[in-house]
Structure formats: C-alpha cells, structure tokens
Amino acid sequence: MTTPVRERPLSPHLQVWRWHLTMLTSILHRASGMALYAGAILVAGWALALGAGPDAYPAYMDLLASPLGRLVLVGLTLSLFYHLANGIRHLFWDAGLGLSVTTSTQSGIMAMAFSVVATVIVWAIGLGQGGPQ
C-alpha cells in the first residue's frame, strides 16, 4: 500500500500579494544593500588606482566624473542613506516599536524622504564646494 503524494503548497509570491509600502521598503532595503557592495568595489578600484601611480588615478577620477560615473555615485549616495534610514527603522522594530500598519507605513515614507533629501543636500554641498565639475 502506498501513501498518496500530496502536492506541496505554493509559497505566496508578488503576483499573489497586494503591494504595500512595507513590501516595497523591504525590497529596496535588499537592493540598496547590494548596491553598497558594488560601491565597495568602486572604493577598492579607487584605492587600486591611487596605488597604481600618477597615470591611473586621474583616469579613474575622470571615469567617476563622467555622466555615467556621476549617476552611479548619486545612486550609491541614495542607497547609503536609504539603507541607513531603513536600518534604523528596523532597530525600532526589533525593540517592538512602530509595528502597526500606520506607523510602519509612515516610517517607510520617512526613510525614503530622508534618503532623497540627504542625497540632494550632500551633492549640493559637494558640487558647491568645488567637487567634481
């Protein structure tokens, strides 16, 4: 006698769940963490160019100052601030605070707003101080 095989339940996926802000903030937190790993590779490349001599460093800095390089750096700045703000949000959650739907939605909006505002401020200061032209 054999036991009938039951089909395994399917895990809910993005097509099943209704989108909400906390789902988006979770996905963005993971994406910003991956972007920060890419940023670490850029920092390592900067250090290698610095150590490679007087010809390599200006070439690397020109690459970072190009329109595509600036776009990547702005994205990394945004990722850094978002990951920071959402990480602080998670610390509050770990303490049992801010877990209601309303509060978690508000804190998600605040994390996103903070990351955009902080990125704009940092880049405005950097470009205003004679940063990469």
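Treat the numbers as computed from the prediction; the structure is a model and nothing was measured.

A. Representation of the overall build of the protein in the model. Broken down by element type, the protein carries four helices and zero strands. Taken from N to C terminus, the helices and strands of the protein fall in the order α-α-α-α. Relative to a compact globule of 133 residues, whose C-alpha radius of gyration would be 14 Å, the protein shows 21 Å and is clearly more extended. Counting only C-alpha atoms, the protein reaches 75 × 45 × 25 Å along its principal axes. Among the 133 residues that make up the protein, the fraction classed as buried is 20%. Long-range pairs, those at least 24 residues apart, make up 71% of the contacts in the protein with a sequence separation of at least 6.

B. Up close: the packing of aromatic side chains. Within the structure shown, the criterion is met by two aromatic pairs. Measuring from ring centre to ring centre gives 6.4 Å for Trp-46 and Tyr-57, while their planes differ by 65°; the resulting arrangement is edge-to-face. On the criterion of sequence distance, the pair formed by Trp-46 in helix H1 (residues 21-52) and Tyr-57 in helix H2 (residues 56-65) is long-range, its members being 11 residues apart. Overall, Trp-46 belongs to the partly exposed group, its relative accessible area being 33%. Taken together, a centroid distance of 5.8 Å and an interplanar angle of 90° make the contact between Phe-81 and Phe-114 edge-to-face. Residue Phe-81 is located in helix H3 (residues 67-94), and its partner Phe-114 is located in helix H4 (residues 101-128); the two are separated by 33 residues in the primary sequence. Looking at Phe-81, the relative accessible area reads 16%, which means it is buried.

C. Just a nonpolar patch on the surface, in detail. The grouping of Leu-84, Ile-88, Leu-91, Phe-92, Leu-97 and Phe-114 at the surface amounts to a nonpolar patch, some 580 Å² of accessible area in total. Examining the composition of the nonpolar patch, we find that four residues originate from one element, H3, more than from any other. On the basis of relative accessible area, Leu-97 is assigned to the partly exposed category, the value being 46%.

D. Structural view of the packing of H1 against H4. Contact geometry for H1 and H4: axes closest at 9 Å, N-to-C directions at 40°. Regarding the angle of H1 to H4, the classification is oblique. In terms of crossing hand, the pair formed by H1 and H4 is left-handed. Where H1 approaches H4, its residues Leu-21, Thr-22, Leu-24, Thr-25 and Leu-28 are matched on the opposing element by Ser-104, Thr-105, Gly-108, Ile-109 and Met-112. Across the contact of H1 with H4, the residue classes tally to five nonpolar, five polar and no charged.

Calculation criteria
- Position labels on residues start from 1 in each chain and follow its written sequence.
- Local features in a predicted model are, by the rule used here, given only for residues with pLDDT of at least 70; side-chain atom pairs are given and counted only at 80 or more, and totals for whole chains, interfaces and linings are based on all residues.
- Processing note: side-chain calculations cover all non-hydrogen atoms of the structure and skip hydrogens and water entirely.
- Secondary structure elements follow DSSP: runs of H or I no shorter than four residues count as helices, runs of E no shorter than two count as strands, and numbering proceeds from the N terminus.
- As defined in this context, the radius of gyration uses C-alpha atoms, and a globule is described by 2.2 Å times the residue total to the power 0.38.
- When accessible area is computed with a 1.4 Å probe and restricted to protein chains, residues below 20% of their type maximum are described as buried, those above 50% as exposed, and intermediate ones as partly exposed.
- What makes two residues a contact is simply this: any of their non-hydrogen atoms within 4.5 Å.
- Aromatic contacts are taken between Phe, Tyr and Trp rings whose centres are within 6.5 Å, Trp giving its six-membered ring; a plane angle under 30 degrees counts as stacked, one over 60 as edge-to-face, and the others as tilted.
- Patches here: salt-bridge-free residues with over 30% relative accessible area, like charges joined within 9 Å, nonpolar side chains (Val, Leu, Ile, Met, Phe, Trp, Tyr) joined within 5 Å.
- Note that accessible areas follow from Shrake-Rupley with a 1.4 Å probe, and for residues the cover is restricted to the protein chains shown.
- For this analysis, a salt bridge means a side-chain nitrogen from Lys or Arg found within 4 Å of a carboxyl oxygen belonging to Asp or Glu.
- Between the N-to-C directions of two axes lies an angle of 0 to 180 degrees, each axis being a line fitted to C-alpha atoms and, for a helix, fitted only over the stretch in contact.
- We call two directions roughly parallel when the angle between them is under 35 degrees, roughly antiparallel when it is over 145, roughly perpendicular when it lies between 65 and 115, and oblique otherwise.
- Handedness of a helix crossing follows the sense of rotation of the near helix relative to the far helix, less than a right angle counterclockwise being left-handed and clockwise being right-handed.
- When residue character is reported, Ala, Val, Leu, Ile, Met, Phe, Trp, Tyr, Cys and Pro are called nonpolar, Asp, Glu, Lys and Arg charged, and the others, Gly included, polar.

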